[in-house]
Every structure is written in structure tokens, then in C-alpha cells.
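So the chains spell out like this:
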Amino acid sequence: AQKVTQAQTEISVVEKEDVTLDCVYETRDTTYYLFWYKQPPSGELVFLIRRNSFDEQNEISGRYSWNFQKSTSSFNFTITASQVVDSAVYFCALRSGGNNRLAFGKGNQVVVIP
Amino acid sequence: EAGVTQFPSHSVIEKGQTVTLRCDPISGHDNLYWYRRVMGKEIKFLLHFVKESKQDESGMPNNRFLAERTGGTYSTLKVQPAELEDSGVYFCASSRWGETQYFGPGTRLLVL
């Protein structure tokens, strides 16, 4: 079985603050893939990052960074110096078990206050 | 390159009526997926096409839902008859085999 937990439902931050979104996953498979998607107010799901289980290297893309730790089954996402445009729902997702279907967490609603 | 498109963007129907949702994948993507998000819950997988064949339909909730992908291009998802609990956002995604799924904007369905 595959499961993704995003415990924080809604997070409000003041512009320029950093915000970290937690993602904890469960799978029995040794090969799996983790994803983050962003859903802005317009509604579409925008792909942000994909990481496979054999690559624990952290990644930085502009103000976004991801911390993958297999020891704690976590794939956390940090937005540095948040901006109003970062206001969105962020979903963590897992693909494992040899099939292509994604298991999503419930999402984190991020509100950046100007 | 055009992204995944979905039609309509919104649909409001009465219980018992039929609704058909359409998804056009990214050109060259053989894999097409349907997902659904019911209010306040997770986005849940419905099914996966590889070209015109159903690869995995383990997430389809019941036989009121019928998905087709004739010719392996666009796909339709029909709900007949619609029930109140079918309300939600229906997302379509496409990908090459094993690669990242790119999502459409979703269809917001409200059943009254």
C-alpha cells in the first residue's frame, strides 16, 4: 500500500518569511518516485519536482528547495523568502509498486500575506 | 507545446442526469490518467489508459462511470446517472511511459 501524509492543512506566513511543508510517505517498495505539485488559485496542477528513491540528493531551484530523507520517509519542501505568488495548495505525491498511479497527500494550503 | 486540456471547465447538473468530460492529452503521450478530488479529500486515482487500452481501472468507484479513449487520442469520462457524491474536481493527466504526469486544469462538477 502507498500513502502520503501532509499534516499541515493551512499555513499562513508573512511575505519574505520561509515556509516548510512536510511530506511523509509510506511504501513497501524499494523503487519509488516522489513528486510535488502546485495548485494556484486558477486550479491547474503544476509539476514542480520529481525524485526517485535512489537519489537522496537535495535539490534547490531558485527559492524552492527539497529535502529527501529515506531514513525518516520524508520529502519536505521549503519556500525561501515567500512571495504572494506562492499562495497556492501544494501536493506531495508518491508512485510505487510498479504501476503508474499517483497517491496524493491532502495538500498544504499556503497563504502568503503581503 | 500545448498542455493537457479539459472540457468543460465547469458543469452543473441535476442528480440523475448524464455528464461527459473530455480530456486531450499532450501530443505524443500514450499514457492518460483520470483523477478526482472530492471536496476536502485527497486527489484520488481513477484509471490509466495506455493508448486506447485500460491499463489500470482499479480506482473507478462504480459502474456509473465509463471511460473511453477511442483511437488512443482524447479520452472521455461519462457519469451516468450522476449522484450527489460525484461532485468534485476531475483531473486528467498525461505522460510518456514511466515519466512525469502533467495535469490539465480540471473540470469542476457539481451535482445538485
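Cut-offs applied
- Residues numbered from 1 in each chain as written.
- Chains lettered and ligands numbered in written order.
- Predicted model: local features only at pLDDT ≥ 70, side-chain atom pairs only at ≥ 80, totals over all residues.
- Heavy atoms only, no water.
- Helix = DSSP H or I, 4+ residues; strand = E, 2+ residues; numbered from the N terminus.
- Rg over C-alpha atoms; globule rule 2.2 N^0.38 Å.
- Buried < 20%, exposed > 50% of the residue type's maximum accessible area, 1.4 Å probe, protein only.
- Contact = heavy atoms within 4.5 Å.
- Areas by Shrake-Rupley, 256 points an atom, 1.4 Å probe, with all protein chains shown as cover.
- Patch = residues over 30% accessible without salt bridge, like charges linked within 9 Å, V, L, I, M, F, W, Y side chains within 5 Å.
- Salt bridge = Lys/Arg side-chain N within 4 Å of Asp/Glu carboxyl O.
- Buried area = accessible area lost by both parts, 1.4 Å probe.
- Nonpolar A, V, L, I, M, F, W, Y, C, P; charged D, E, K, R; others polar.
- 1 Å grid on protein atoms, 1.4 Å probe; cavity = no way out; pocket = protein on both sides within 12 Å on 5 of 7 lines; lining within 4 Å.
- Points joined across faces, edges and corners; volume = space filled by probe spheres on them.
- Disulfide = S-S within 2.5 Å.

Enquirer: So what exactly am I meant to see when it comes to the overall build of chain A here?
Expert: A count of helical and extended segments in chain A gives zero helices and twelve strands. N-terminal to C-terminal, the α/β element order of chain A is β-β-β-β-β-β-β-β-β-β-β-β. Taking 13 Å as the expected radius of gyration for a compact globule of 114 residues, we find that chain A reaches 14 Å, a close match to that expectation. Along the first, second and third principal axes, the C-alpha set of chain A runs to 45 × 25 × 20 Å. When burial is assessed residue by residue, chain A has 46% of its 114 residues classed as buried. Pairs at least 24 apart in sequence give 56% of the contacts found in chain A among residues at least 6 apart. For chain A, the accessible surface area stands at approximately 5500 Å², while carbon and sulfur atoms represent 48% of it.

Enquirer: Is there a simple way to explain a nonpolar patch on the surface in this structure?
Expert: All names here are of chain B. On the surface, a nonpolar cluster with roughly 290 Å² of combined accessible area is contributed by Val12, Leu110 and Leu112. Summarising the element assignment, Val12 is placed in strand S2 (residues 10–13). The class for Val12 is exposed, based on a relative accessible area of 57%.

Enquirer: What is the right way to read the interface of chain A and chain B from this model?
Expert: Interfaces are often sized by the amount of accessible area the parts lose when they come together. With 18 residues of chain A in contact, the opposing surface of chain B contributes 21 residues. With both chains or domains summed, chain A and chain B bury close to 1700 Å², and 54% of this area falls on carbon and sulfur atoms. Joining chain A to chain B, the criterion identifies one salt bridge. Arg101 of chain A is paired through a salt bridge with Asp56 of chain B; the nearest N and O atoms lie 2.4 Å apart. Breaking the side of chain A that touches chain B down by element, the ones donating at least two residues are strand S5 (32–39), strand S6 (46–52) and strand S10 (88–96) of chain A. Top contributing element to the side of chain A that touches chain B by residue count: S5 of chain A, with three residues. Of the residues belonging to the side of chain A that touches chain B, the class tally is seven nonpolar, six polar and five charged.

Enquirer: Could you clarify how one ought to interpret unusual backbone geometry in this entry?
Expert: Leaving glycine aside, a negative phi is the common case for residues, and trans is the common case for peptide bonds. The peptide bond linking Phe7 of chain B to Pro8 of chain B adopts the cis configuration, its omega dihedral lying at -5 degrees. Within the secondary structure, Pro8 of chain B is located in the loop between strand S1 (5–7) and S2. The omega torsion across Gln80 of chain B and Pro81 of chain B is -10 degrees, close enough to zero to call that bond cis. Within the fold, Pro81 of chain B resides in the loop between strand S8 (75–79) and strand S9 (88–95). At Ala81 of chain A, a residue that is not glycine, the phi angle is positive and equals roughly 50 degrees. Examined against the element boundaries, Ala81 of chain A turns out to sit in the loop between strand S9 (74–79) and S10. Overall, the relative accessible area of 30% leaves Ala81 of chain A in the partly exposed class.

Enquirer: Looking at this model, I keep getting lost on the layout of surface pockets. Mind explaining?
Expert: Regions of empty space are outlined by a rolling probe, equal in size to a water molecule, passed over the atoms. Within this model, the largest pocket holds a volume of roughly 350 Å³. Elements with a minimum of two residues in the lining of the largest pocket: strand S1 (3–5) and strand S11 (103–104) of chain A together with strand S5 (43–50) of chain B. Residue classes in the lining of the largest pocket are distributed as six nonpolar, five polar and five charged. In this model, the second largest pocket occupies a volume close to 290 Å³.

Enquirer: Even after reading the chapter, I still don't get the state of the cysteines, so can you show me in this structure?
Expert: In a disulfide, the sulfur atoms of two cysteines are held together by a covalent bond. Taken as a whole and judged by the stated rule, the model has two disulfides over all chains. Each disulfide pairs two cysteine sulfurs, and for Cys23 of chain A the partner residue is Cys92 of chain A, the sulfurs being separated by 2.0 Å. Since a negative S-S torsion denotes a left-handed disulfide, the Cys23 of chain A-Cys92 of chain A link at about -65 degrees is left-handed. In this pair, Cys23 of chain A is assigned in the loop between strand S3 (19–21) and strand S4 (24–26) and Cys92 of chain A in strand S10, connecting sequence segments 69 residues apart. For the pair Cys23 of chain A and Cys92 of chain A, a shared accessibility class is recorded, and that class is buried. A sulfur-sulfur separation of 1.8 Å characterises the disulfide bridge that pairs Cys23 of chain B with Cys92 of chain B.

Treat this as a map of the structure, not an account of what it does.
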